[in-house]
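Each chain, letter by letter, is given below.
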Amino acid sequence: MKICNADRARILVHALPYIQQYNGKIVVVKYGGNAMVNEELKDSVMRDIVLMSLVGIRVVLVHGGGPEITALLNKMGKETEFVNGLRVTDEETAQVVQMVLAGKINKNLVNLLQIRGGKAMGLSGVDGHMIEAHQKDERLGFVGEISHVDVQPILDVLEKGYIPVVSTVGCDKSGNVYNINADTAAARIAGELRAESLISMTDISGILKDPGDPSTLISEITAAQAEQLIADGVVSGGMIPKVQCCVNALNWGVQKVFIIDGTVSHAILMETLTDEGIGTMFIKGEAQ
């Protein structure tokens, strides 16, 4: 579809109130799912983030990378075991997690942002002891529960005009490295930053009243309503920890939280810079 210059101008003017609303504010993007492995979607996400940065939005990109970790472990002949959705992480696996997340994936994302005209700098939770953690469960090995987050390294990078790209590994005071759930880390980081919003990219459109019917998408929900949907079984399975992280982020100081479908091209821009958005927005007060 060809768009004329007049239509382009109207689109930009329409986005102006949202650009003004977010200008100078911090937006944390939790990046994961198919949007990380599909090259076309990956390019869409990088373009969105660079555009947001260039119009004055202070974007922080927090990423996981489970599929790439699993792929490398498979190449090593090492089986992957999960308990309640969390990867059992022995000492060797913890080293692989650090190598893949803080090395390959992190630097690839930094490079992609820079190719698209952004300024980016990679960080991991180990840098500056940004994410301090302790063992979550002996059965899981080096899977970490966050005990403290120091966001000063992120603020320093933002102050210099860079987009911080944060990999979700943490450490304890003894130097042990832990695998940290990316949803949990993004929510905690967003809360400590008092972010204007947290955008969680998933492979579904948001919260559905009927999980089998995409037309039942809930566009806006309060934290209390979200917790009730969990209690009622409407939100179930792997969506429970994602929704709980969204609620936690609000409780920790984030103004708004979004779950969006990362498989939709330019989903971030549609959610933040348009009237209707495309996902589910979590708010603290009463839903409209």
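Conventions and cut-offs
Residues numbered from 1 in each chain as written. Predicted model: local features only at pLDDT ≥ 70, side-chain atom pairs only at ≥ 80, totals over all residues. Heavy atoms only, no water. Phe/Tyr/Trp six-rings, centres within 6.5 Å; stacked < 30°, edge-to-face > 60°. Lys NZ or Arg CZ within 6 Å of the ring centre and 35° of its normal. UniProt positions renumbered as here; feature names shortened; annotations may be inferred. Contact = heavy atoms within 4.5 Å. Helix = DSSP H or I, 4+ residues; strand = E, 2+ residues; numbered from the N terminus. Buried < 20%, exposed > 50% of the residue type's maximum accessible area, 1.4 Å probe, protein only. Axes fitted to C-alpha atoms, helices over the stretch in contact; angles between N-to-C directions. Parallel < 35°, antiparallel > 145°, perpendicular 65-115°, else oblique. Left-handed = near helix turned anticlockwise from the far one by under 90°. Salt bridge = Lys/Arg side-chain N within 4 Å of Asp/Glu carboxyl O. Pairing = 2+ DSSP bridges.

**So, the packing of aromatic side chains**
Phase 1 of the analysis: Scanning all chains against the criterion turns up one aromatic pair.
Phase 2 of the analysis: Sitting over the face of the ring of Y162, K119 holds its NZ or CZ atom 4.5 Å from the ring centroid.

**Side note on the UniProt feature "site: Transition state stabilizer" (unreviewed entry) in the protein chain**
Phase 1 of the analysis: UniProt annotation of "site: Transition state stabilizer" (unreviewed entry) refers to K30 and K242 when read in the numbering used here. A maximum C-alpha distance of 11.0 Å is found for the annotated residues, which run over 213 residues; spatially they form one tight group.
Phase 2 of the analysis: Residue contacts for K30: discarding those within four places in its chain leaves V62, A182, D183, A186, L198, I199, S200, M201 and K242.
Phase 3 of the analysis: With respect to the secondary-structure elements, K242 resides in helix α8 (residues 239–251).
Phase 4 of the analysis: Taking the relative accessible area as the measure of exposure, K242 reaches 22% and is therefore partly exposed.
Phase 5 of the analysis: Not counting residues within four places of it along the chain, the set of residues in contact with K242 comprises K30, D183 and T202.

**Comments concerning the packing of helix α3 (residues 66–75) against helix α4 (residues 91–115)**
Phase 1 of the analysis: For the pair α3 and α4, interaxial distance at closest approach is 10 Å and the crossing angle is 125 degrees. Looking at the two axes, α3 sits oblique to α4. As α3 packs across α4, the resulting crossing turns out to be right-handed. Where α3 abuts α4, its residues E68, I69, L72 and L73 lie against T93, V96, V97, M99, V100, L101, K104 and I105.

**Examining the environment of E92**
Phase 1 of the analysis: Tracing the backbone through its elements, the reader meets E92 in helix α4.
Phase 2 of the analysis: Distance from E92 to D172, taken between C-alpha atoms, is 17 Å for residues 80 residues apart in sequence.
Phase 3 of the analysis: E92 has contacts with M76 and K78, leaving out every residue within four places of it along the chain.

**A look at the pattern of salt bridges**
If charged atoms from side chains of opposite charge come close, those side chains can pair.
Phase 1 of the analysis: Within this structure, the stated rule accounts for 14 salt bridges.
Phase 2 of the analysis: For the salt bridge of E196 with K25, the shortest nitrogen-to-oxygen distance reads 3.8 Å. Taken together, the residues E196 in the loop between α6 (182–192) and β11 (197–202) and K25 in the loop between α1 (5–22) and β1 (26–31) connect sequence positions 171 residues apart.
Phase 3 of the analysis: Two residues, E145 and K136, come together in a salt bridge whose shortest N-O distance is 2.8 Å.
Phase 4 of the analysis: The class for E145 is partly exposed, based on a relative accessible area of 31%.
Phase 5 of the analysis: Bridged by salt links that share partners, the residues K25, E196 and K256 form one connected network.

**Observations regarding the sheet that holds strand β14 (residues 280–283)**
Phase 1 of the analysis: Read across the sheet, eight strands follow the order β5-β8-β2-β1-β11-β13-β14-β12 without closing on themselves; strand pairing throughout is mixed. Both edges of this open sheet fall to β5 (120–124) and β12 (220–222), since each of them pairs with a single strand only. Looking at each pair of strands side by side, their axes are set apart by 20 degrees on average, direction ignored.

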